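A closer look at the structure
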Amino acid sequence: TSTVAVASAVVVDLQHLNSVSVDEEKMEVTAGGGVTFRSLAEAVGDADGALPIGTGDTVGVTGYLVNGGISGYFGRRLGMLGQRVIELTFVTADGVIKILSPSSSSDEDSTLFNSVLGAGSALGIVTSVTLKMESGSSFQSGGQVIVPCGTKDSAKRFARLAL
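These notes cover the structure that comes with them. Please read these numbers as outputs of a predicted model, since none were measured by experiment.

Procedures and definitions
- One numbering rule holds for all chains: residues counted from 1, following each sequence as written.
- Thresholds applied to this predicted model are a pLDDT of at least 70 for local features of residues and 80 or more for the giving and counting of side-chain atom pairs; totals over whole chains, interfaces and linings are not thresholded and use all residues.
- As a rule here, side-chain values cover all heavy atoms of the structure and leave hydrogens and water aside.
- Going along the chain from the N terminus, every DSSP run of H or I of four or more residues is numbered as a helix, and every run of E of two or more is numbered as a strand.
- To estimate how far a helix should reach, multiply one less than its number of residues by 1.5 Å.
- The cut-offs for exposure are 20% and 50% of the maximum accessible area for each residue type, with area from a 1.4 Å probe on protein chains only; residues under the lower value are buried, those over the upper are exposed, and the others partly exposed.
- To be clear, the arc concerns the directions from the helix axis to the C-beta atoms.
- Contacts are assigned to residue pairs with any non-hydrogen atoms lying within 4.5 Å of each other.
- Here a strand pair is declared whenever DSSP counts at least two bridges between the two strands.
- Axis definition: a line fitted to C-alpha atoms, limited for helices to the stretch in contact. Angles are taken between N-to-C directions and run from 0 to 180 degrees.
- Two aromatic rings from Phe, Tyr or Trp, using only the six-membered ring of Trp, form a pair when their centres are within 6.5 Å; if the ring planes differ by under 30 degrees the pair is stacked, by over 60 it is edge-to-face, and anything between is tilted.
- The patches described consist of residues with a relative accessible area above 30% and no salt bridge, like charges being joined within 9 Å and nonpolar side chains (Val, Leu, Ile, Met, Phe, Trp, Tyr) within 5 Å.
- Only the protein chains shown count as cover for residues, with accessible areas throughout obtained via the Shrake-Rupley method and a probe of 1.4 Å.
- Salt bridges, as used here, are contacts in which a Lys or Arg side-chain nitrogen is within 4 Å of a carboxyl oxygen on Asp or Glu.
- His residues and chain termini do not enter the charge count, which takes Lys and Arg as positive and Asp and Glu as negative.
- A single reference atom marks each charge: NZ on Lys, CZ on Arg, CG on Asp, CD on Glu.
- In these notes, a set of buried Ala, Val, Leu, Ile, Met, Phe, Trp, Tyr and Cys residues joined through side-chain atoms within 4.5 Å is what counts as a nonpolar core.

1. Topic: helix H4 (residues 107–119)
- If you check H4, its first and last C-alpha atoms are 18 Å apart, about what 13 residues at 1.5 Å a residue would give, namely 18 Å.
- Taken as a whole, H4 has its buried residues at Asp 109, Leu 112, Phe 113 and Val 116. Along the axis of H4, the buried residues cluster in a sector spanning 105°; they form a single face. Opposite its buried face, H4 presents the exposed residues Asp 107, Thr 111 and Asn 114, each directed more than 90 degrees away.
- Turning to H4, the residues buried within the fold contact helix H2 (61–66), strand E4 (85–92), strand E5 (97–100) and strand E6 (124–132).

Okay, here's the thing in structure tokens:
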């Protein structure tokens, strides 16, 4: 039994595209197409940055991003994750690799950039994304705190250390 929507669909596993790099001077973070929110949250937190990310630590960043990227809690302060995209490395269905940005030089690439941020999983594959971070100091006040704990045991360890 198939779990894909179309019998002729191709599923691409991006789990090995899992690098995260941070440019603290520019307040930018680049995540590979297989990065999950846990890895992104840890890298952004270590750089004293903030992003409107989802709260599920095993959710893939690029899948979340190209299918809306709405964060209920962080979105109120920081907007949607797609609004923070500086650059996408994108592979089209015919195998062409494109570097897309809000200021892409051709009208076609500019349109493709905007289209990817809502229907991207239907258009091709995002192999990396660069995002503009906000300063982490915007979250130094009281309120809800979300910590990337993948297991109950890691959540208990965090709670013990935090208290």
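2. Considerations on the sheet that holds E5
- Strand order across the open sheet formed by 5 strands is E1-E2-E6-E4-E5, with antiparallel pairing between neighbours. In the strand order of this sheet, the two ends are held by strand E1 (20–23) and E5, each with one partner. The mean inter-strand angle of the sheet, taken between neighbouring strand axes irrespective of direction, is 15°.
- Across 7 bridges, the pairing between E4 and E6 is antiparallel. Within the sheet, the bridge partner assigned to Phe 90 lies in E6 and is Val 126.
- Contacts between H4 and the sheet are confined to E4, E5 and E6, with E4 contributing the most and set at about 95° to the helix.

3. Things to note about the pairing of E5
- Burial of the side chains of E5 is restricted to one face: Lys 98 and Leu 100 are buried, whereas none of Ile 97 and Ile 99 on the reverse face is.
- Two elements, E4 and E5, share 4 bridges in a ladder whose sense is antiparallel. Each bridged residue has a counterpart across the sheet, and for Val 91 the counterpart in E5 is Ile 97.
- The antiparallel pairing of E4 with E5 creates a hairpin that spans 4 residues between the two strands, and Gly 95 there sits at a positive phi of about 90°.

4. A few points about unusual backbone geometry
- At Met 27, a position not held by glycine, the phi torsion is positive, near 60°.
- If you trace the backbone, Met 27 turns up in the loop between E1 and strand E2 (28–32).
- Positive phi, close to 55°, is recorded for Asp 48, a residue that is not glycine.
- Among the secondary structure elements, Asp 48 is positioned in the loop between helix H1 (37–46) and strand E3 (49–50).
- Relative accessible area serves as the criterion here: at 44%, Asp 48 is assigned to the partly exposed category.

5. With respect to the packing of aromatic side chains
- Within this structure, the stated rule accounts for 1 aromatic pair.
- Consider the rings of Phe 37 and Tyr 64, whose centres lie 4.8 Å apart with planes at 90°: the pair is edge-to-face. Residue Phe 37 is located in helix H1, and its partner Tyr 64 is located in helix H2; the two are separated by 27 residues in the primary sequence.
- Overall, Phe 37 belongs to the buried group, its relative accessible area being 2%.

6. A short note on a negative patch on the surface
- Together, Asp 23, Glu 24, Glu 25, Asp 46 and Asp 48 give the surface a local cluster of negative charge.
- Residue classification places Asp 46 among the exposed residues on the basis of a relative accessible area of 70%.

7. Some words on the nonpolar core
- With 26 residues, the main nonpolar core has Leu 40, Leu 51, Leu 81, Leu 88, Val 116 and Leu 131 as its most contacted residues.
- Elements that contribute at least two residues to this core include exactly E2, H1, H2, E4, H4 and E6.
- Aside from chain neighbours lying at most four places away, what touches Leu 88 is Leu 65, Lys 98, Ile 99, Leu 100, Phe 113, Val 116, Leu 117, Val 126, Ser 128 and Val 129.

8. Section: the side chain of Ser 128
- Relative to the assigned elements, Ser 128 resides in strand E6.
- Residues in contact with Ser 128, not counting those within four places in the same chain, are Thr 30, Ala 31, Gly 32, Gly 33, Glu 87, Leu 88 and Thr 89.

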